[in-house]
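# Examining the three-dimensional arrangement
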Amino acid sequence: PGDRLGLLACNHLDYAIVTQGAAKAGVLLVPLNFRLAPRELAVVLQDAQVSLLVTESSLATLWQAALQEAGSTQLPVVLLEEATADEVAAAPAVADAWPGVRALADWLQDFPETPPELEVDPDSPCAIMYTSGTTGTPKGVLVPHRAYFRMYLGTAMETGLSRDDRYLMAVP
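Bear in mind that the values here come from a model prediction, so they are computed numbers and not experimental data.

Calculation criteria
Chains are numbered independently. Their residues run from 1 in the order of the written sequence. Note on the predicted model: pLDDT of at least 70 is required for a residue's local features to be given, and 80 or more for side-chain atom pairs to be given and counted; whole-chain, interface and lining totals, by contrast, use all residues. For side-chain calculations, the full set of non-hydrogen atoms in the structure is used, while hydrogens and water are omitted. Note on terminology: a nonpolar core comprises buried Ala, Val, Leu, Ile, Met, Phe, Trp, Tyr and Cys residues joined through side-chain atoms within 4.5 Å. Relative accessible area decides the class of each residue, using a 1.4 Å probe on protein chains only: under 20% of the type maximum gives buried, over 50% gives exposed, and in between gives partly exposed. Runs of H or I in DSSP of at least four residues are treated as helices and runs of E of at least two as strands, each being numbered from the N terminus. The criterion used for residue contact is that any of the two residues' heavy atoms lie within 4.5 Å. It is the directions from the helix axis to the C-beta atoms whose arc is reported. A pairing counts as a salt bridge when a side-chain nitrogen of Lys or Arg comes within 4 Å of a carboxyl oxygen of Asp or Glu. Every axis in this analysis is a line fitted to C-alpha atoms, fitted for helices over the stretch in contact. Angles between the N-to-C directions lie between 0 and 180 degrees. Orientation labels follow simple angle bins: below 35 degrees gives roughly parallel, above 145 gives roughly antiparallel, 65 to 115 gives roughly perpendicular, and whatever is left gives oblique. Crossings are sorted by hand: turned counterclockwise from the far helix by less than a right angle, the near helix makes the crossing left-handed, and turned clockwise it makes it right-handed. As a working rule, the residues Ala, Val, Leu, Ile, Met, Phe, Trp, Tyr, Cys and Pro are called nonpolar, Asp, Glu, Lys and Arg charged, and the rest polar, with Gly in that last group. A patch consists of residues whose relative accessible area exceeds 30% and which take part in no salt bridge; residues with like charges are grouped when within 9 Å of each other, and nonpolar side chains (Val, Leu, Ile, Met, Phe, Trp, Tyr) when within 5 Å. Here the accessible surface of atoms and residues is derived via Shrake-Rupley with a 1.4 Å probe, and residues count as covered only by protein chains that are part of the display.

### Looking at the nonpolar core
- Judged by nonpolar contacts, the single largest core of 22 residues is most densely connected at Leu8, Val30, Leu32, Leu53 and Trp63.
- Looking at this core, the elements with two or more residues in it are strand E2 (28–32), helix H2 (38–48), helix H3 (60–70), strand E4 (77–79) and strand E6 (125–130).
- Take this core: its biggest share by element is five residues, from H3.
- With residues near it in sequence (within four places) discarded, Leu53 still touches Gly6, Leu8, Leu32, Trp63, Leu67, Leu75, Pro76, Val77 and Val78.
- If you look at the next biggest cluster of nonpolar residues, it comprises 19 residues, including Leu5, Ala9, Val143 and Tyr148.

### Side note on H2
- For H2, the set of buried residues is Leu41, Ala42, Val44, Leu45 and Ala48. Down the axis of H2, the buried side of the element spans an arc of 165°, and every buried residue falls inside it.

### Concerning the pattern of salt bridges
- According to the stated counting rule, one finds three salt bridges in the structure shown.
- Across the pair Arg146 and Asp123 runs a salt bridge whose closest N-O atoms are separated by 2.7 Å. Taken as a pair, Arg146 in helix H7 (residues 145–159) and Asp123 in the loop between helix H6 (104–108) and E6 lie far apart in primary sequence, 23 residues in all.

### Details of the packing of H2 against H3
- Axis separation between H2 and H3 bottoms out at 8 Å; the angle between their running directions is 60°. Viewed along their axes, H2 and H3 adopt a mutual orientation that is oblique. The handedness of the crossing between H2 and H3 is right-handed. On H3, the residues touching Pro38, Arg39, Leu41, Ala42, Leu45 and Gln46 of H2 are Leu62, Ala65, Ala66, Leu67, Glu69 and Ala70.
- The class makeup of the residues in the contact of H2 with H3 is nine nonpolar, one polar and two charged.

### Details of a nonpolar patch on the surface
- Among the surface-exposed residues, Met151, Tyr152, Tyr167 and Met169 lie close enough to one another that they form a single nonpolar patch of about 420 Å² accessible area.
- Relative to the elements of secondary structure, Tyr152 occurs in helix H7.

What follows is the structure, encoded as structure tokens:
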């Protein structure tokens, strides 16, 4: 609890697993914009004090450059792709520069399938969202769990969503 997990990804099914898992574990999610330049991304990584990066190999050039710029070459990296550890190790663009990179499926095996025995305070921070930085350096804004709950509840109420409906939310 309290650690910061950077999530740098395009639209991906496992995005939901990572975001909800982080919230349940009391880990602060730091969504990262894949459109940022490596230098801009490095500033956010340093400011947020990210201790784990979850990303995808298609963005390897970006995150490797950003982590080098941030001086975070030892930061653990987990890839969203459904790949085995051997397949990740066989991807030269990733494995050569980042030997400790792991696939999400392999990384999740290190954790129990049961929810953590942790009460998450609804007023505690859930995520650190960064401003666009139009007037200077982007600033981290703490977003509490309660804000996300209200956003989801409001969306369900406004759209009339029920338990049987499916909803597509395209992020980032």
